[in-house]
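# Structure assessment
Chain by chain, the residues:
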Amino acid sequence: MGSPQVAAEMKNNSVHEECLYLELSGHTEDRIVPLHTSIVLFLMSYCDSTSIKVFLVPNEDTAGGPLWENGAPTNIPLNILSRQDLPPVVRSCRLPALVEKDGNFCRAGLAVVLRHIIQRACDADCKRKDVSELLGFKKTCLKACAEVSQWTRLCEISIPLAVEGFLRDMSDQKAAIPPEILHLEDKLGEPVRVHNDDKIRRQKLQLLSKEREKDPDEKASERLLGCYFDEGADTTRDSKKENKDIEVDSLELRTALSKLSVEQVPAVTSREQPCIRKVKTADLPTLERVFAEGLYFTLTDVVLLPCLHYFFVSLGDCRDEGLKALPLLARWYQHVQEVPGVKKAASSCGIHLLNLTAPLPSAAIQIRSFCDPKKDKAESTDLHFRGGPRPTMNKLEENGISAKFTSHPCPSWSLDWRNLPLAVNPIEGKLSSERALRKQQQLDNIISIVTKLAKPGDTIVDFCSGGGHVGIVLAHTLPLCQVILVENKEESLVRAKDRCDDLRLNNIWFVQANLDYFTGPFEIGVALHACGVATDMVIDHCIKALAAFVISPCCYGFIQNTVKATFPRSQKFKSVLSFKEHMVLCRFADQTAVQLPPERRMIGKKCMGLVDLDRIWSAEEHGYTAYVSSMEPESCSPKNNLIVGSSSDRSLRVTA
């Protein structure tokens, strides 16, 4: 279907359904790449999702032809759309992206899109327990941002990219197993942690006890605990022992599969034996891992299956050798195939699952993998480190470094809140009157600076926007500017959109995504109380876009080294402080609550100033002009610092 025709059809159908846009960068006879696209299509097939219209968006260098249809679900219609025909809000995001019918609310990024597809499938059929359980305990599976969650990053980004890289290098028959896959193998070796697993573990103990009674010749300790902690376990024991291991393992698997249906796993007996009830929880046998996140099949397994399948297929003649290094992944791969609906969904997407016959590991291997060398303790220690903030602050002062605060350029500036529409007022965002007043003062501080920086036609991005307190006021106050709210939490953005609908604002977009998935151009970035390292990620995003920034940091105590940012940030601070000393400043920068003694609050304020000084010096190393100021009045928030910066073309406007 040609792109003009598709665009016209999309416009006609936009009032009826959501539209999903998936990247098509290449295809072979058995798969579509990137893997993010294959993963989304596999989930939609598993969920029988038909309420969302799907468009594949080819790259310019993607060869045409019908081959891509071989990897497309047979039960989901797909359309081709050129990149220039994408809705404007989607062009500002990395794919996959999903847009609501009115065209101004976009969800971008693999995890966000997948979670929304699941929610839509559950809305369409509330009886699909197998679908609702994909979100896991408390519905938090892959909800944490990849920028701060190592697990989300591994599953959402690292594994797909590693497999794609491996597939590109298939010509090298001696290509090493990607370290990301080896890391996932190690993760599968960690003990299972399941909410309220006491009952299941007692059932397992009872099953083991019954097996011991059937075979009294074997020592109880060997039968009951040996298969968990015996480092010399022989994987070639007689078939009778293997059958017993399978029977024990089937308890975990039956429990996992029962979670996907209305039926519950049957108890071993109607009542536990007294000797079983008396066993302490700490002495109960551990549960064997069945799926990626433990005992239950979740969205994480859906993400990993296409990736690991294509990896196993690509091993070809070297598969048996490769599986020797990945026994837990091989076992997981077989378990996933036992989930009802998985094989059907895979077949619909052209994924022909393998039957891996590699030796399956015993629990001993899993526990041993987790309990091995204490490599986490290999952290280097600073022999000259002294605790508390004063030694660190004194060390900085000895090197001529102290907190510096620039006077607020507009200390008395304020919006006329009484004459603004009610939906603009933060009190409409479900805040108490006292909190709403303080929020108004915080907004006055940021908006007063942004209005001096902004020019007609500018795009202003409210990062970590929450309920949109900053962005909504900016959109109302600066009607000639385009405002974009970027926030990971759906509930907050929905609240913001409801307020904007009441105001009938037409210069505001909503993007539910991790910060990395927003790639559009913009001139000014703002963030009110960006938590921990989020402040640094926003600054880096603004610098990359050559955009000015006005940011109020928060949660200094949550600052930590991540793949996106390491500390200290600037070369000046790095030459004086170690990471550990910098973390001392961050921890004490959180000591500014009003109920604390004045002296401690003063130390906290100085630590805030030093941490933010490091941030602006880092920005200056990228050619920016920047300063740290305090909100007026300072009582409007315990976290009342403002970091303001701009590139050369707007430097004079920052301090005007």
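Here's a quick rundown of the structure. (Residues numbered from 1 in each chain as written. Predicted model: local features only at pLDDT ≥ 70, side-chain atom pairs only at ≥ 80, totals over all residues. Heavy atoms only, no water.)

## Concerning the overall build of the protein chain
What counts, and what does not: Runs of E in the DSSP output that reach at least two residues are strands. Runs of H or I that reach at least four are helices, and both are numbered from the N terminus. Here's how the labels work: a residue is buried when its accessible area is under 20% of the maximum for its type, exposed when over 50%, partly exposed in between, all with a 1.4 Å probe on protein chains only. Note on definitions: a residue-residue contact is assigned when non-hydrogen atoms from the two residues lie within 4.5 Å. For the area figures, the Shrake-Rupley method with a 1.4 Å probe applies, and any residue is considered shielded solely by the protein chains shown.
Across its full length, the protein chain carries 25 helices and 14 strands. Here the protein chain holds 656 residues, and the buried ones make up 55% of them. A separation threshold of at least 6 residues defines the contact pool for the protein chain, and within that pool the share at least 24 residues apart is 75%. Carbon and sulfur atoms provide 51% of the accessible area of the protein chain, an area that totals close to 30200 Å².

## Looking at helix α14 (residues 327-337)
Counting buried positions along α14 gives 11 out of 11 residues, so the element sits mostly inside the fold. Here α14 has its buried residues at Pro327, Leu328, Leu329, Ala330, Arg331, Trp332, Tyr333, Gln334, His335, Val336 and Gln337.

## A closer look at the pairing of strand β4 (residues 52-58)
Our working definition: Two strands qualify as a pair provided DSSP detects at least 2 bridges between them.
The buried count for β4 comes to 6 of 7 residues, which makes it a mostly enclosed element. One ladder, built from 7 bridges, connects strand β1 (residues 18-24) with β4; its direction is parallel. Paired with Leu24 across the two strands is Pro58, which belongs to β4. For β4 and strand β5 (residues 78-80), the ladder comprises 3 bridges, and the chain directions are parallel. Along β5, the bridge assignment pairs Leu56 with Ile80.

## Let's talk about unusual backbone geometry
Along the chain, Phe567 connects to Pro568 via a cis peptide bond; the corresponding omega equals -5°. Along the chain, Pro568 falls in the loop between β12 (548-554) and α22 (571-574). The omega torsion across Glu632 and Pro633 is -10°, close enough to zero to call that bond cis. We note that Asp48 has phi near 55°; this positive angle belongs to a residue other than glycine. Along the chain, Asp48 turns up in the loop between α2 (35-47) and β4. Unlike most non-glycine residues, His529 shows phi in positive territory, near 60°. Considering the arrangement of structural elements, one finds His529 in strand β11 (residues 524-531).

## Side note on the sheet that holds strand β9 (residues 482-487)
The test is simple: Fitted lines through C-alpha atoms serve as axes, helices being fitted only where they are in contact, and the angles separating the N-to-C directions of these axes extend from 0 to 180 degrees.
Spatially, 12 strands are ordered β5-β4-β1-β6-β7-β10-β9-β8-β11-β12-β14-β13 in an open sheet, and the strand pairing comes out mixed. If you trace the sheet from one side to the other, it starts and ends with β5 and β13 (625-630), each paired once. If you compare each strand with its neighbour and ignore which way they point, the axes differ by 20° on average. Pairing analysis gives 3 bridges linking strand β6 (residues 97-99) to strand β7 (residues 105-108), with the strands arranged antiparallel. Paired with Val99 across the strands is Cys106, a residue of β7. Relative to the sheet, helix α19 (residues 469-477) contacts β8 (459-463), β9, β10 (508-512) and β11, its axis offset from that of β9 by approximately 170°.

## As for α2
Since the α-helix packs 3.6 residues into each turn, any two residues three or four apart lie on the same face. Let me state the cut-off plainly: Every helix has an expected span of 1.5 Å times one less than the residues it contains.
Taking 1.5 Å of rise per residue, the 13 residues of α2 would be expected to cover 18 Å, and the 18 Å separating its terminal C-alpha atoms lies within 8% of that figure. Counted residue by residue, α2 has 13 buried out of 13 residues, so it is predominantly covered.

## Examining the state of the cysteines
Put simply, the rule reads: Note on terminology: disulfide denotes any pair of cysteine sulfur atoms within 2.5 Å.
Inspection of the entire model under this criterion finds 0 disulfides. No disulfide involves Cys47; its sulfur sits 7.4 Å from that of Cys122, the nearest cysteine. Classification of Cys47 as buried rests on a relative accessible area of 5%. Not part of a disulfide, Cys155 finds its nearest cysteine sulfur in Cys141, a span of 8.0 Å.

## Section: the packing of aromatic side chains
The line we're drawing: Aromatic pairing here means that ring centres of Phe, Tyr or Trp (its six-membered ring) are within 6.5 Å. Orientation follows from the plane angle: under 30 degrees is stacked, over 60 is edge-to-face, and everything else is tilted. Only lysine NZ and arginine CZ atoms are considered, and such an atom sits over a ring when it is within 6 Å of the ring centre and within 35 degrees of the ring normal.
Going through the model one piece at a time under the given rule, you end up with 12 aromatic pairs. Taking the centre distance of 5.2 Å and the plane angle of 80° together, the rings of Phe312 and Tyr333 count as edge-to-face. Of this pair, Phe312 sits in helix α12 (residues 299-315) while Tyr333 sits in helix α14, and the two are 21 residues apart along the sequence. For the pair shown, Phe312 and Tyr333 are each scored as buried. The ring of Trp617 has Lys572 lying over it, and the distance from NZ or CZ to the ring centre is 4.3 Å.

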